[in-house]
Amino acid sequence: MNKPVVLVAEELSEAGLAVLGADFEVRHTDGSDRAQLLPALDGVDALIVRSATKVDAEAIAHAPKLRVVARAGVGLDNVDVEAATKAGVMVVNAPTSNITSAAEHTVALILASARNVAQGHSALKGGEWKRSKYTGVELDEKVVGILGLGRIGQLVAQRLQPFGVELIAFDPYLQPARAAQMGVRLVTLEEVLEQADFITVHLPKTKETVGLIGDRELHTVKPSVRIVNVARGGIVDEGALYSALKEGRVAGAGIDVFSKEPCTDSPLFELDNVVVTPHLGASTHEAQEKAGTQVARSVKLALSGEFVPDAVNVEGGAVAEDVKPGLPLAEKLGRVFTALARETATKLDVEVRGEIAAQDVRVLELAALKGVFTDIVEDAVTYVNAPLLAKDRGVTVELVTSAESPDWRNLVTLRGVLADGRAVSVSGTLSGPRQIQKIVEVNGYTMEIEPTEHLAFFSYSDRPGIVGIVGRILGGHSINIASMQVARDEKGGTALIALTVDSAIPDDVVEQIVQEIGADSGRTVDLTD
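Because the structure is a prediction, the values reported are computed rather than measured.

## Structural notes on helix H14 (residues 362-374)
Taking 1.5 Å of rise per residue, 13 residues should cover 18 Å, and H14 covers 19 Å from first to last C-alpha, within 8% of that figure. Three or more residues of H14 are buried, namely Val363, Leu364, Glu365, Leu366, Ala367, Ala368, Leu369, Lys370, Gly371, Val372 and Phe373. Lining the buried residues of H14 we find strand S13 (311-313), helix H13 (326-341), strand S14 (347-354), helix H15 (386-392), strand S15 (396-402) and strand S16 (410-417).

## Notes on the layout of surface pockets
Computed from the structure, the second largest pocket encloses a volume of approximately 340 Å³. Lining the second largest pocket are 17 residues, and of these Asp322, Ile356, Asn410, Leu430 and Gln435 sit closest to its centre. Of all elements in the fold, only H13, S16 and strand S17 (423-431) reach the threshold of two or more residues within the lining of the second largest pocket. Sorting elements by how many residues they give to the lining of the second largest pocket places S17 first, with 4 residues. In terms of residue class, the lining of the second largest pocket is built from 6 nonpolar, 8 polar and 3 charged.

## What about the pattern of salt bridges?
Tallied over the entire structure, the rule returns 25 salt bridges. The partner of arginine 34 in a salt bridge is glutamate 58, and the shortest N-O contact between them spans 2.8 Å. Residue arginine 34 is located in helix H2 (residues 34-40), and its partner glutamate 58 is located in helix H3 (residues 57-61); the two are separated by 24 residues in the primary sequence. Residue classification places glutamate 58 among the partly exposed residues on the basis of a relative accessible area of 41%. Its salt-bridge partner being arginine 422, residue glutamate 343 comes within 3.6 Å of it at the nearest N-O pair. Pair noted here: glutamate 343 is in the loop between H13 and S14 and arginine 422 is in the loop between S16 and S17, with a separation of 79 residues, a long-range link. Three or more residues joined by partner-sharing salt bridges are found here, namely Arg34, Asp56 and Glu58.

Conventions and cut-offs
- Residues numbered from 1 in each chain as written.
- Predicted model: local features only at pLDDT ≥ 70, side-chain atom pairs only at ≥ 80, totals over all residues.
- Heavy atoms only, no water.
- Helix = DSSP H or I, 4+ residues; strand = E, 2+ residues; numbered from the N terminus.
- Expected span 1.5 Å × (residues − 1).
- Buried < 20%, exposed > 50% of the residue type's maximum accessible area, 1.4 Å probe, protein only.
- Contact = heavy atoms within 4.5 Å.
- 1 Å grid on protein atoms, 1.4 Å probe; cavity = no way out; pocket = protein on both sides within 12 Å on 5 of 7 lines; lining within 4 Å.
- Points joined across faces, edges and corners; volume = space filled by probe spheres on them.
- Nonpolar A, V, L, I, M, F, W, Y, C, P; charged D, E, K, R; others polar.
- Salt bridge = Lys/Arg side-chain N within 4 Å of Asp/Glu carboxyl O.

Dropping the structure here:
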C-alpha cells in the first residue's frame, strides 16, 4: 500500500520530521522557487510550509490529491484559505507555538527601552563611552499597563511580577475576578494611558483597534511613559508615536511590528529613544520547533481522517456530514454574541436542538467558542485553544443537546449570562436544501436574517416612524440597507430592528441612530474575515 506523500517546502525541525515518522513518504522542495514548487505538488497529499511559500489557487490546482496545507507558524498570509476550502483542502497552523517567545520578546523590549541597551551598545561599538547620557529607569514600583490580557498578555504579566511592578490592564472581555487572580487590576483604556509608566500592546488587529493608540491618546500619557508593541503593526499609530517621541511627550518605545512589513525605512529609526526589531516576536528556535511538531501532528491527524483541532477550515475532518454545515454558522453566532454582549459571559450555554443532536456535536461547541473569541484576543483562535481562552477568562461553558426543536429542524443557540446578570442570546439555523444560514432569534426576539458581512441591531420602545428615521440616517450616509426586520415583544412594548447593510456603519452613525430613536442599545456586527 502506497504511503501518503508529505511535501516539505521549507525548513522543518528534526523534531517535526520525527513526528511524521515512517508512516509517510516525505519529499522536499524549495517552496520559494515557483518553478520547483508547482511540479513538485503533483501526487502530494499534504504540504508543509512556513512564510516563503505562496500557496494560492494556482498551486492548489497543481496538487489534485492535496488534502491538507500546514503552515508551521501562526499567520496565514501566504495561504489562500478560501481557495483551499473550495478545493476541499484543510488548512492548519500552529496557533500557540510562539506565545512564550512573544511574551519574552516583550519583556526584552521593555528592559531594553528602560535601560537604553541598544543605544549604549551602538555608542560603545562606535567608540563612544556615554555612560551618563544613557542613564535609565528601574521597573521596581513602576506601573505597567497591558492592553489585552489574552494568552500572551497573561504570560507578560506573569514574567513582570518579580520585577516589583504594579500591573494594570485594559481588556473589556475579561472578568475583573479573573484578572485579580493574575495579580492584575482591570481599568479603562483612559486609566492605562494616564497611570502607566510602561504600556505594552497585546490586542488583535481589528477595525476597532487599528490606531487605538493615536495622537489623542498620546497627548494623555505621562511624558515618562515607554510604549512597547510586539502585537500587530498599526495598533500604535507610528506617525503619532514619532511626533510624541520627538516632542518629549513619550520617553521611549520598543517596536517589533509595523503597519507595513518588511519595514526598512521609518521616521522612528531616526530617534535615539526607540528600540526596533524586525518582527522577531516568534523568532526563537523553540518556537520554530513547536510550530514544526504541532503542524506535523495535525498532518498525521488529517491524513488519517481524524478531526484536527488546529484546522482553520474544518473541511476533511472526521466530523459527521450532517454536522459540518453547522460549523461556520456556529462560529458566526459566536461573533454575533460577542458584538451584542461587548464583554465575555460568566456562563455560556451552547444549545443544539433537533435531528442533529443525535450526532456528536461537540465540535459545534468549539466552533461557537472560536467565534466568541475571534474578535477579542490577539492570539489566533482555533478549536484547540478556544476552550482554554474561555477557562482563562473564567467562563463556564456547557453544551446542551435535545432532540426537541418545535420551530426548526435544527437549531443552534448561544445563551450567556454577563457579570451584571444580563442575559444575551442568539440562535441560528440552516434552511432549505441549500442549507442557507439564518439568524432566527436575538435576545428573545424572533426574526429571520442571513448573517451577512455587516449587521446591526437597535433596541427601542415600539412606536411609529422609527423605521423611516433609521432609513433616512443610513441613506444620508450612503449606507444601503439590504434587509430590515422589526420584532417586538408586544404592541407598544420593546422592539428590535435587525439590519443587514452593504457596508459597515461607522460608530458615529450608530450613535446618531441611537440618539434620534431613543434606543436602549445599538450594536453592529462585522463578520468579514
